[in-house]
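Read off the chains here:
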Amino acid sequence: MTAREEILRRIEGVAPTRPAAEVAASYARIDRSYLRRHHDDDGVLDLFAERVADYRATVLRVAESEVASAVAERLAARPGPYGVPSDLPAEWTAATDAALVRDYSVASLDRVAGAVTGCAAAIAETGTIVLDHGAAQGPRALSLVPDYHLIVVLAEQVAPDVPEALERLDPSRPLTFVSGPSATSDIELSRVEGVHGPRTLEVLVVR
């Protein structure tokens, strides 16, 4: 028996695996009657844009017909190439001349300047964007390794608060919560960006 197997055996002895039906019943008993809907629908996008900007991210509000030109403008501001998910909507990048890399490996991400993705949901109250690495989002490494991240957020993806956003998400998916550029103040309370993820975050809110 390896050391790993021995450790797992001891853990199972202390906390034996519970039947799935028992776990489901435990979750069903959780009281979820907490306060909901702090904000009116009319102000959700305004609040989201305000909170995202508070995290030192750049927020641009565009119409659906303006997404391609906005993406092209943002990507033209820095040299490429850019990693993009293979299923990113083609119309989002139709106007850019930047080099786009769709067939990338995790090892090759160090050589791309940034990434362009969609998202799974967004939270107005906290200014958070959630990726579940499904459609138009690519693997988690794509949103963490490059120094720049451009995220396209559709108006209907923005939930007013955390509970409603969580109801839209699949907890079995690998969820990444993005609240502004990666930053830390661990050393002498000096803010340093880009340590654990992109140094620069830009968000296109499509109304």
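Because the structure is predicted, anything quoted here is derived from the model rather than measured.

### Side note on the sheet that holds strand β5 (residues 121-123)
- With mixed pairing, four strands are arranged side by side in an open sheet as β8-β5-β6-β9. Two strands close off the open sheet at either side, each with one partner strand: β8 (158-159) and β9 (176-178).

### Focus: a nonpolar patch on the surface
- On the surface, Ile-7, Leu-8 and Ile-11 cluster together into a nonpolar patch covering about 270 Å² of accessible area.
- Structurally, Ile-7 can be placed in helix α1 (residues 3-14).

### Re the sheet that holds strand β3 (residues 100-101)
- One open sheet accounts for six strands, arranged β1-β12-β7-β4-β2-β3; its pairing is parallel. One side of each edge strand has no neighbouring strand; the edge strands of this open sheet are β1 (58-62) and β3.
- By the bridge criterion, seven bridges tie strand β7 (residues 148-154) to strand β12 (residues 200-206) in an arrangement that is parallel. Residue pairing across strands places Leu-154 opposite Val-206, the latter belonging to β12.
- Across the sheet, helix α3 (residues 44-54) touches β1, β7 and β12, and the angle it forms with β1 is around 155 degrees.

### Quick notes on the side chain of Thr-96
- Position of Thr-96 among the secondary structure elements: in the loop between β2 (82-83) and β3.
- A distance of 3.0 Å separates the side chain of Thr-96 from the backbone nitrogen of Ala-98, its partner in a polar contact.
- Leaving out residues up to four positions away in the same chain, Thr-96 has contacts with Ala-72 and Leu-75.

### Details of α3
- Within the sequence span of α3, burial applies to Val-44, Leu-45, Leu-47, Phe-48, Ala-49 and Val-52.
- Those residues of α3 that are buried are in contact with β1, β5, β6 (128-131), β7, β8 and β12.
- Arg-56 lies just past α3 and shows a positive phi near 70 degrees.

### Quick notes on the nonpolar core
- Formed by 18 residues in total, the largest nonpolar core has its most connected members in Phe-48, Ile-129, Ile-151, Val-153, Val-158 and Val-203.
- At the level of elements, α3, β6, β7 and β12 are the ones that each hand at least two residues to this core.
- Ranked by the residues each element gives to this core, the list is headed by α3, at five residues.
- Once you skip the residues sitting within four places of it in the chain, Val-153 turns out to touch Phe-48, Cys-119, Ala-122, Ile-129, Val-158, Val-203, Leu-204, Val-205 and Val-206.
- Val-71, Leu-75, Trp-92 and Val-116 belong to the second largest nonpolar core, which has 16 residues in total.

### What about the pattern of salt bridges?
- All chains considered together, the criterion is met by seven salt bridges.
- Residues Asp-46 and Arg-61 are paired through a salt bridge, measuring 2.4 Å at the closest nitrogen-oxygen approach. Taken together, the residues Asp-46 in helix α3 and Arg-61 in strand β1 connect sequence positions 15 residues apart.
- Looking at Asp-46, the relative accessible area reads 44%, which means it is partly exposed.
- Because the salt bridges share partners, they merge into one network encompassing Glu-6, Arg-9 and Arg-10.

Calculation criteria
- Every chain begins its residue count from 1, and numbering advances along the sequence as written.
- In view of the model being predicted, local features appear only for residues whose pLDDT reaches at least 70, and side-chain atom pairs are presented and counted only at 80 or more, with totals across whole chains, interfaces and linings using the full set of residues.
- Hydrogens and water are ignored here; the side-chain numbers use all heavy atoms of the structure.
- Whether two strands pair comes down to DSSP finding at least two bridges between them.
- Only runs of H or I of at least four residues qualify as helices and only runs of E of at least two qualify as strands under DSSP, and these elements are numbered from the N terminus.
- Exposure above 30% relative accessible area and no salt bridge define the residues that can form patches, which grow by joining like charges within 9 Å and nonpolar side chains of Val, Leu, Ile, Met, Phe, Trp and Tyr within 5 Å.
- Areas reported as accessible are Shrake-Rupley estimates using a 1.4 Å probe. Residue values count occlusion only from the protein chains shown.
- Salt bridges, as used here, are contacts in which a Lys or Arg side-chain nitrogen is within 4 Å of a carboxyl oxygen on Asp or Glu.
- The criterion used for residue contact is that any of the two residues' heavy atoms lie within 4.5 Å.
- Here, axes are lines fitted to C-alpha atoms. For helices the fit covers the stretch in contact, and angles between N-to-C directions go from 0 to 180 degrees.
- Any N or O atom pair separated by 3.5 Å or less is treated as a polar contact, with the protein-specific requirement of one donor-capable and one acceptor-capable atom, and with residues adjacent in sequence counted only for side-chain atom pairs.
- Partly exposed residues are those whose accessible area sits between 20% and 50% of the maximum for their type, while under 20% is buried and over 50% is exposed, using a 1.4 Å probe and protein chains only.
- Grouping buried Ala, Val, Leu, Ile, Met, Phe, Trp, Tyr and Cys residues that are joined through side-chain atoms within 4.5 Å yields what is termed a nonpolar core.

These values are about where atoms sit, not about what they do.
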